[in-house]
Amino acid sequence: MVNDTESPLSPLSMLHISDLQSQESSLKGLKRRSKIIMVFLFIISLASVIQILNLTVIDQENYVTESEKNRIVRIPVYPSRGLIALSNDNSVIVENIVSQKLTISLNSTEDVVSTISDIQKSIGISQEVIQSFFNVTSSSSRNINLTLIDDMTEEQVAKYLLHKERWPSVNIDAYLKRYVINGPLFAHVIGYTGAISSQERQDVEEYRYLIDSRIGKSGLEKTYENELRGKIGYRTLEVDVHGKEVRELEKVLPSKAKNIFLSLDKELQELARRELKGRKGAVVALDPNNGYVKALVSSPDYDPNILNETAKGDIKFLISDTDAPFFNRAISGNYPPASTLKPFLALLGLENGLIDWNIKIEDKGFFQINGEGRKYRGWKPEGHGAVDLKKAIVESSDVYFYELAFKTTVDKIYSFLKPFGFGKKTGINLVGEGEGVLPTRNWKLGMTGDAWYVGDTINLGIGQGYITTTPLQLAVAVSVLATKGKVYKPSLVERIDDSFVEPILLNQVRIKDEKNWNKIEESMISVINSWNGTAHNIYNKEDVLIAGKTGTAQIKSLTEENLSVQEEYEDVRRDIMKRDHAIFIGYGPIPNPNLAVVVVIENGESGSAVAAPIAKLLINNYQRKQDSDV
Amino acid sequence: MSNRPLDYNLNKPFSSSRFSLSLIFKDNILVFSVLVVLGFGLFMLYSASGQSESMVLRQLAYAVLGFLGMLIIAQLSSVAYQNILINLYWIGLIMLIYVLIFPDDSQVTKRWIDLGLFSFQPSEVIRLILPLSIAAFLTRKELKPKYSEWFISLMAVLLVSFLIYKQPDLGTALIVFASGFLPIFLTGFPVLIIILSLILIGIFSPFIYAGLSLYQQQRIMTFFDPNADPLGTGWNIAQSKTAIGSGGYFGKGYLSGTQSQLDFIPESHSDFIFAVIAEELGLLGIILLFLAYAIIIYRIFFIAFRSETIFGRLASASIGFIFLIFILINISMVVGIIPVVGVPLPLVSQGGTSLATHLLAFGFVLSVKKRSGW
C-alpha cells in the first residue's frame, strides 16, 4: 500500500517549511496521545472481555439454569384426597365435598391492607386468618393466592357478590373440603386435616404442598397422609416475562390418591359410643385371629368436621375442655389393669410352678408378709375362705394373688408379661400411642430414685401399683388369651385400594402345659357363668359363651409416695373410692372367639356393673351379625 | 506510487473494475466492513424485535439513506467541511435549547425533536457533532492550539454537557463531555491540568454533592448504584447477564434465545441488542462482531494517521475513538459492569438517529482519505 503522507507530491507540500515541521510534530503528538487513550480504553475493554468470558464460559451453567428457571414454570396438579371407607360394606366415611372459599391474589392487589380491612368490615374475616395472613405476606413471595374465608356460607357469598366490584383481585374459588360422615363416631380413628405449617412444608419439600394446603394432623389422616394425598402431577409451561403461558411443554397427570378401607365395624362402633354415653372412657374391640380392630372408641369425642372446615382457630373450646375430647383414651390412656391382670398372673404362677389348680389357700380378707406387719386387704373384707386358682379368678380373690406375687419377683413378672405386649407400643396405625408401664427395678429407680420393695411386687399381684396399660394394649393381651398364644399387631386398615394389608403375627407366647390356656379360659367363662362369678350379672343362658374378667382400677399418681407398703391399703381404697375405674376384658364366643373386647370407664367404679355389659353387648351383636352373614 | 514500475496497475487483472469501485468508496475495506456490520445488525434486529418486519424495514431505510449520505460526504475533500463542522456546534446548541424549552413528555431521558417527516434525538447527534466541531475549531490554523482556544473549546463542551445534564440525563452528559474533550486531549492539552482538575473535583465533589438537593443526590446515587433499585435497573441487568451467560460458546441459535424471544431482556432491540446476539449466537457471534468492529476502527485510524491535514487527522481519530468508546460503553453496560446509560450499540441497535450520524461520520472519515488510484 502506498503511504500517501510520505509523498512529496502531496498538495500540502506547498505549505511553509515551519508548518511542515509543526505538522510532523503534531502527528507525533497525536499518535502519542492516541496511544494514551488506547491504553486507557484497552484496560476498560479488558474488564468487559473478562466479564463476557466470566458469563459465557465460567458461569455458563449457572446462567443456563437461570434462564431455564425464567422461562419454565412447573405448576403442580393435585389429585383429590383419597377416601376412607369401611372394608366390610365399602361405605364411605370420609369424603371430599365441593365448597367455596374466598381468595385474594396478592400480586394483583394494589393496596392489600385496605382491601383486607374492607372485606373484614363487609363480610368478616376471623382475626386468626388476618394474623396468619400478614405473617405470610411479610415473609414470602407475593406471587400467590391466599385464602381469606374457608367454606363460605351462603350469606357470605351474597355479601361478597354485593361488593365484588370493589375488590377485583378477590375471587370465590371452588375447592374440595374434607368431610367425615357421622363425624364424632370416627373422630379418634380418622383424626382431622388442618392447614399445613411452614415446618411441615419444609419437611416434605418434594411434595410441594401449597401454602394453603391441608394436611393430616392426627389419626389415620396423618398416618396415611402419603397414601391419601396421592402423587402430584405437573404441567410444565413456557412463560414469557409477564408470566403468560406461551405453550405447554409437558403434562404429567397426578396419580390418583389411594383409598383406605378400614376394618372397623360401624355397628359395633355405634354401639360402643352409645353405651359409653359420653362418659370418659374407651372401648376397644378387635378380632383376636388377625388383629383387625373392629371398634375403637374414645369418649368424650369431637366433630372432626369442625376442624376440617376451619383454617385456624375455632378449636379453642375443644382444647380447653377439661374432659379432653382430643385425647384418644383408647390408645393413649394409661390405666392400671387391676384385677383384669389376674388371668395373666395365674398363667405365670402355673408356668413357674408356684401354684397349681389344686392348691388352696385360706383367704381371711387380708395378706401379711410372713403373717406379720402391714395388712394387704382384699376387696371383700371378710375374705373368700378356702380359695383355689379357679375360685381366685372367678371371685377375684386379691389375697390369693398377693400370695402368688409374694412368691415371685418383679423380674419374672416383667419377663412373663412382656410377650403379651404389656409395656410397649402395639404399633397400631395411629399416631400418639401410649406405651403403658410394665415396671422393672431399674424403671422404678429411674422414676422415683427408690429401690424396688417386696410390697411393690405384691401390689402388682392385683394389677395395681406401678403397672399401667392402655386399653388397646389390654385388648392385644386378651387376644393372646383368646388365641392361646398368638400376638397380632392391631391394625385399623384392612385394605389400601385393592391390596390387602396382611395381618402381622408379632409373637407367639408358648407355655409348658398348653392345657392351662383352656383352664384359664374355663375360669374366665365362670366369671360370668358361675353364680359366684364377679360378672355373673351379665349372664344369660341364651347368650353366646363369653370368657371375661372384671377389674376395678384405682388411679393413683405413680409419683405419690403413699401408694406403698407404708400405708394401709384399706385406707387408700376408701380415700380414692370415688375415682375407681371400671374395667372389663373379655372375648367370645367360645370356642371360636372372633372378638376380644376391653371396656374402660373412668370413675365407673364397678367393672362388673358398668363395663361388663358393654363388652357382652358387643360380642353378642358381632356374633349375631356373623351368623346372619353366613 | 513513484517507487513502482509504471505498468504496475496494468499488470493487475480486473484493475479497472476495482478502480471504479474504490473511486466511490475510497476505502473498500472500511466500507465493506461497515456494510457487514449493518447487515448483521439488521439480521439481529429481526430476532431482537420479536420478528417485526416493519421495524427492520424502517431501520433498513435509515441504513440506506445513511449509507448514501456517507458516500456523498466521502466524495469531497475533508477540508471543505471544516467551516461547516465548526458551525454545526451552534446548530447542536440550538437543538438542545429547543428541547429544554419544548420538552417532549413521552420520554423522560431521551428527548426528541419531531420534524414531522422524521424525529430524532439531539443528544445522539450532539455526541458526534461536538467532537467534530471542536476538532475543526482547534485545527483552523494547522498549528498547535493556543491555551485560549483550548479554553474556548472546553467552555463550549461544558455548556453542551450542562444543557444535557439539565434534560436531565447525567449519563449522556458525561459521555458528551468525554467525546467533546477527546479532540482537546488529542491536540496535546497539558496532562498536568487534567490531573490537577481531577484532584480538585475529587476534593470538592463531596461539597458539591452535599450542596445538591436530595432529589438530585438520589438521581446521582441510582446512576452509580443501579442495585439500589433492584426491581428496575438491577433486574434488567440480571436478565441481560443471564441471556449472555446462557448463550455459552455457540448460542441457543438464531430466533431461539429464550431470554430474548420471551421478552426477558429489556430494550432488546435497542440498547440491549448485544445480549440478544450473545444469547443466540454465543461467544462465537460476539467474537465475529468484535472482529468486524476492529477492522472498522483499524481502518479509521489507518486513514487518520495518513491524513495530510491536522484537521483530517484529528477529526477522524476522534471519530474512531468515539466509535470505540460507544461500543465499550454499550457492552460494559449490557454485561453489567457500568451503570445503565442510554448508549446504543453502534450500527447494530435499532435507532435511526444513531445509525445515520455514525454513517455520516464515516463519510467524513472517507473524505479525509485522498482518492488514490490503487
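So, a few notes on the structure that sits alongside this text. (Residues numbered from 1 in each chain as written. Chains lettered and ligands numbered in written order. Predicted model: local features only at pLDDT ≥ 70, side-chain atom pairs only at ≥ 80, totals over all residues. Heavy atoms only, no water.)

Before going further, it helps to examine the overall build of chain A. Helices and strands together make up the secondary structure of chain A, namely 23 helices and 23 strands. Per-residue burial for chain A yields a buried fraction of 52% across its 630 residues. The long-range share in chain A, meaning contacts at least 24 apart out of those at least 6 apart in sequence, stands at 72%. (Helix = DSSP H or I, 4+ residues; strand = E, 2+ residues; numbered from the N terminus. Buried < 20%, exposed > 50% of the residue type's maximum accessible area, 1.4 Å probe, protein only. Contact = heavy atoms within 4.5 Å.)

Here we take up the pairing of strand S23 (residues 595-601) of chain A. All names here are of chain A. Among the seven residues in S23, seven count as buried, and that is most of the element. Here S23 shows a buried face lined by Leu595, Val597, Val599 and Ile601 and a second buried face lined by Ala596, Val598 and Val600. The sheet contact formed by strand S11 (residues 281-286) and S23 spans six bridges and is antiparallel. By the bridge assignment for S23, alanine 285 is matched with valine 597. Taken together, the seven bridges between strand S22 (residues 581-588) and S23 define a ladder with antiparallel strand orientation. Across the sheet, the residue bridging to glycine 588 is leucine 595, located in S23. (Pairing = 2+ DSSP bridges.)

Residues and elements named next belong to chain A. As for its position among the elements, serine 339 is in the loop between helix H13 (329-332) and helix H14 (342-351). A polar side-chain atom of serine 339 sits 3.3 Å from a polar atom in the side chain of serine 396. When near neighbours in sequence (up to four residues on either side) are disregarded, serine 339 contacts Ser396, Asp398, Ile462, Lys549, Thr550 and Gly551. (Polar contact = N/O pair within 3.5 Å; in protein donor to acceptor, adjacent residues only side chain to side chain.)

Turning our eyes to something else, we now look at the packing of aromatic side chains. Throughout the structure, instances matching the rule amount to 33 aromatic pairs over all chains. Ring centres of tryptophan 150 of chain B and phenylalanine 189 of chain B lie 5.4 Å apart, and the angle between their planes is 85°; on these two criteria the pair is classed as edge-to-face. Placement of tryptophan 150 of chain B in helix H7 (residues 147-165) and of phenylalanine 189 of chain B in the loop between helix H8 (170-186) and helix H9 (191-211) is noted, with a sequence separation of 39 residues between them. Of the residues examined, tryptophan 150 of chain B reaches a relative accessible area of 3% and is grouped as buried. Joined through ring pairs, the aromatic side chains of Phe344, Phe416, Phe420, Phe422 and Trp517 of chain A make up one cluster. Taking NZ or CZ as reference, arginine 306 of chain B lies 3.7 Å from the ring centre of phenylalanine 302 of chain B, over its face. (Phe/Tyr/Trp six-rings, centres within 6.5 Å; stacked < 30°, edge-to-face > 60°. Lys NZ or Arg CZ within 6 Å of the ring centre and 35° of its normal.)

Residue and element names in this part refer to chain A. Strands sit in the order S12-S11-S23-S22-S21 across an open sheet of five strands; the sheet is antiparallel. A strand with exactly one partner marks an edge of an open sheet, and here the two such strands are strand S12 (293-299) and strand S21 (547-553). Along the sheet, successive strands turn relative to each other by an average axial angle of 5°, direction set aside. Along the sheet, helix H10 (residues 266-276) makes contact with S11, S12 and S23, crossing S12 at roughly 25°. Sitting on the sheet, helix H20 (residues 471-482) touches S11, S22 and S23, and the angle it makes with S23 is about 145°. (Axes fitted to C-alpha atoms, helices over the stretch in contact; angles between N-to-C directions.)

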